[in-house]
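What follows is the residue order along each chain.
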Amino acid sequence: SQQDQAKRLAAEAAIEFVPPRSIVGVGTGSTVNYFIDALAALKHDIEGAVSSSEASTARLKKLGIPVYDLNGVGEIAVYVDGADEINPHLQMIKGGGGALTREKIVAAVSKTFVCIADDSKWVDVLGEFPLPVEVIPMARSYAARQIVALGGDPVYREGVTTDNGNVILDVYNLHIEKPIDLEEKLNQITGVVTNGLFAKRGADIALISDGHDVKKHTR
Ligand code: DER
């Protein structure tokens, strides 16, 4: 499809940002899967990868790319990941794939965050896509009440347990004019592990494709 072609073009464009002999930070999702496949072609030129999910780890290993534990690695030069939405300030909503916590951790450790996405993710205002929030299971109802008080409509993502053993609330009907402010408010709720707003630390580069070309946006 046009969207798959766009994801693939954006992912392949990210290869140029991978330094030789580096350990690459790898995100999660269908766009990142194209990036992993492209990375396999230069696996002899890189040291390996640090992954943000069991799913990405499995794909990397299957393609013969060594996967390192983040605790054994110093700073990571480049982190490549997708987004569910990204605005002109390169602030993102992430977590559609349920990997937001490990994605945010690897992004925090990485010097440069390169976001790869098809142009359907490019929005003026974040919030059309329901904002994922990872919560400690016993705090789910309490956190949901706190999120309602913030103006959101939290929906429990039934049957999903994250790699960290937590649950996810998807928050609908947010119109996020102040992403950094809302990210901080959500972080204050006891029991919330991570929220999918990547605003305080957004992307540094965004590679956005319409299926024909790739546009590069920077902060
Ligand atoms: O869950 C995530 O954060 C993914 O990166 C998601 O935002 C993008 O997934 P996609 O590439 O399958 O659209």
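Residues numbered from 1 in each chain as written. Predicted model: local features only at pLDDT ≥ 70, side-chain atom pairs only at ≥ 80, totals over all residues. Heavy atoms only, no water.

On the UniProt side, "active site" (unreviewed entry) is annotated at positions that read Glu103 here. Along the chain, the position of Glu103 falls in helix α4 (residues 100-109). Under the relative-accessibility criterion, Glu103 is labelled buried at 3%. Beyond its immediate chain neighbours, meaning those up to four positions away, Glu103 contacts Gly27, Thr28, Ser52, Tyr79, Asp81, Lys94, Gly95 and Phe198. Engagement of the side chain of Glu103 in a polar contact is seen with the side chain of Lys94, the distance being 3.3 Å. (UniProt positions renumbered as here; feature names shortened; annotations may be inferred. Helix = DSSP H or I, 4+ residues; strand = E, 2+ residues; numbered from the N terminus. Buried < 20%, exposed > 50% of the residue type's maximum accessible area, 1.4 Å probe, protein only. Contact = heavy atoms within 4.5 Å. Polar contact = N/O pair within 3.5 Å; in protein donor to acceptor, adjacent residues only side chain to side chain.)

With that settled, the discussion passes to the sheet that holds strand β9 (residues 153-156). In space, the 4 strands of this open sheet follow the order β9-β10-β8-β11, with antiparallel pairing throughout. A single partner strand is all that each edge strand has here, and the edge strands are β9 and β11 (192-195). The mean angle between the axes of side-by-side strands here comes to 30 degrees, regardless of whether they run parallel or antiparallel. Sheet topology places strand β8 (residues 131-135) next to strand β10 (residues 167-172); 5 bridges connect them, and they run antiparallel. Counterpart to Val135 in the pairing with β10 is Val167. This element, α4, spans β8, β10 and β11 of the sheet and lies at about 70 degrees to β11. Lying over the sheet, helix α6 (residues 179-187) contacts β8 and β11, oriented at roughly 160 degrees with respect to β11. (Pairing = 2+ DSSP bridges. Axes fitted to C-alpha atoms, helices over the stretch in contact; angles between N-to-C directions.)

Before going further, it helps to spend a moment on a nonpolar patch on the surface. A contiguous nonpolar surface patch, about 310 Å² in accessible area, is contributed by Ile136, Met138 and Val193. Its relative accessible area of 34% is what places Val193 among the partly exposed residues. (Patch = residues over 30% accessible without salt bridge, like charges linked within 9 Å, V, L, I, M, F, W, Y side chains within 5 Å. Areas by Shrake-Rupley, 256 points an atom, 1.4 Å probe, with all protein chains shown as cover. Salt bridge = Lys/Arg side-chain N within 4 Å of Asp/Glu carboxyl O.)

Turning our eyes to something else, we now look at the packing of aromatic side chains. Inspection of every chain in the model, using the stated rule, returns 2 aromatic pairs. For the pair Phe113 and Phe198, a centre-to-centre distance of 6.5 Å together with 85 degrees between the ring planes defines the contact as edge-to-face. Of this pair, Phe113 sits in strand β7 (residues 110-118) while Phe198 sits in strand β12 (residues 197-198), and the two are 85 residues apart along the sequence. Pair check on accessibility: Phe113 and Phe198 agree, each one buried. Taken together, Tyr79, Phe113 and Phe198 form an aromatic cluster joined through their ring pairs. Over the ring of Phe198 we find Lys94, and its NZ or CZ is 5.6 Å from the ring centre. (Phe/Tyr/Trp six-rings, centres within 6.5 Å; stacked < 30°, edge-to-face > 60°. Lys NZ or Arg CZ within 6 Å of the ring centre and 35° of its normal.)

Thr28, Ser30, Thr31, Gly97 and Lys121 are the nearest of the 16 residues found near the ligand. One nitrogen or oxygen atom from the main chain of Gly95 is found 2.8 Å from an oxygen atom belonging to the ligand. When the free accessible area of the ligand is taken as 350 Å², the share hidden by the protein chains comes to 90%. Class assignment of the residues belonging to the shell around the ligand gives a composition of 1 nonpolar, 9 polar and 6 charged. (Near = heavy atom within 4 Å. Nonpolar A, V, L, I, M, F, W, Y, C, P; charged D, E, K, R; others polar.)

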